[in-house]
Amino acid sequence: MAIEQLLILIKPDGVKKSLTGNILTKLSEARMVIIGSKTLKVSRELAQTHYYQLKDKPFFGELVDYIQGKIYGEPYDRVLAFVYQGEDAIARMRKIAGATNPEEADPVSIRGAYGRITTKGVYENVVHCSSDPSEAEREIKLWFNPEEIVKQIYPTKKVVIEKEEKEDWA
Ligand code: IDP
Ligand code: MG
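Attention here is on the structure that accompanies the text.

Conventions and cut-offs
- Residues numbered from 1 in each chain as written.
- Chains lettered and ligands numbered in written order.
- Predicted model: local features only at pLDDT ≥ 70, side-chain atom pairs only at ≥ 80, totals over all residues.
- Heavy atoms only, no water.
- Helix = DSSP H or I, 4+ residues; strand = E, 2+ residues; numbered from the N terminus.
- Polar contact = N/O pair within 3.5 Å; in protein donor to acceptor, adjacent residues only side chain to side chain.
- Contact = heavy atoms within 4.5 Å.
- Pairing = 2+ DSSP bridges.
- Axes fitted to C-alpha atoms, helices over the stretch in contact; angles between N-to-C directions.
- Buried < 20%, exposed > 50% of the residue type's maximum accessible area, 1.4 Å probe, protein only.
- Arc of directions from axis to C-beta.
- Phe/Tyr/Trp six-rings, centres within 6.5 Å; stacked < 30°, edge-to-face > 60°.
- Lys NZ or Arg CZ within 6 Å of the ring centre and 35° of its normal.

1. A word on the side chain of Ser 130
Structurally, Ser 130 is set in the loop between strand 6 (127-129) and helix 7 (133-143). Separated by 2.9 Å, the side chain of Ser 130 and the backbone nitrogen of Leu 7 make a polar contact. In this structure the side chain of Ser 130 is engaged in a polar contact, spanning 2.6 Å, whose partner is the side chain of Glu 139. Setting aside residues no more than four positions away along its own chain, Ser 130 makes contact with Leu 6, Leu 7, Ile 90, Arg 94, Glu 135, Ala 136 and Glu 139.

2. Notes on the sheet that holds strand 2 (residues 33-40)
Two pairing modes exist for strands in a sheet, parallel and antiparallel, and in both the strands are linked by backbone hydrogen bonds. Taken in spatial order, the four strands line up as 2-3-1-6 in an open sheet, and their pairing is antiparallel. The open sheet has two edge strands, strand 2 and strand 6, and neither has a second partner. The sheet shows a mean angle of 15° between the axes of neighbouring strands, taken without regard to direction. In the sheet, strand 2 pairs with strand 3 (residues 79-87) via seven bridges, with the strands oriented antiparallel. When the sheet's bridge partners are listed, Ser 37 is paired in strand 3 with Phe 82.

3. Re helix 4 (residues 60-67)
Inspection of helix 4 places Phe 60, Leu 63, Val 64, Tyr 66 and Ile 67 among the buried residues, and these make up the whole buried set. The arc enclosing the buried residues of helix 4, seen along the axis, measures out at 160°, which places them on a common side. Each element contacted by the buried residues of helix 4 is listed here: strand 1 (3-10), helix 1 (12-16), helix 3 (44-50), strand 3 and strand 5 (123-124). Two residues or fewer past helix 4, Gly 69 is found with a positive phi of approximately 70°.

4. Points about the packing of aromatic side chains
A complete count under the given rule lists one aromatic pair for this structure. Here Phe 82 and Tyr 84 contribute two aromatic rings whose centre-to-centre distance is 6.1 Å and whose plane-to-plane angle is 50°, an arrangement assigned as tilted. An identical accessibility class is assigned to Phe 82 and Tyr 84; each is buried. Taking NZ or CZ as reference, Lys 38 lies 4.7 Å from the ring centre of Phe 144, over its face. One residue, Lys 141, lies across the ring of Tyr 154, its end atom 5.0 Å from the ring centre.

Spelled out as structure tokens, the structure:
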């Protein structure tokens, strides 16, 4: 079986419910390794690009607000992002994550145990998990820069950036 990598997000409802430890413990059952991790606030643009395949769905606006943590506000309006790698990683991690609809998910999966459907109809399902290798590649490249991942998983190139302003420690 192939070595794969995928993007996992702990969504803002997982952050709000203080489920980070529980989720990482459950995911560790698959014996995959973490090759990248960070906490970030999700911009509108990142949210819309991440979920672009769903842009015509009636719940798209709510979904973008959800992944941005809009309904939770400070200090929960953020996600934890991870790149996991291992043999057959995508199928194995998706099994632990559970079905998209938390009411249909296996009750011992992450989504089955911790997810809910809001009164507005949003599936608050606690985690995001890439569903195939090409989606995983698109998502990892969207959420992470090459230097944020401890292994080279996709080809990179050197670019010269001139006059780029960035934040540094004072
Ligand atoms: P996935 O997260 O299991 O891969 P996708 O179909 O890619 O499922 O949908 C992305 C996210 O959009 C889901 O995790 C869920 O939060 C939300 N979503 C998907 N389908 C529905 C729906 O029918 N109603 C409400 N929210 C949905
Ligand atoms: Mg998906």
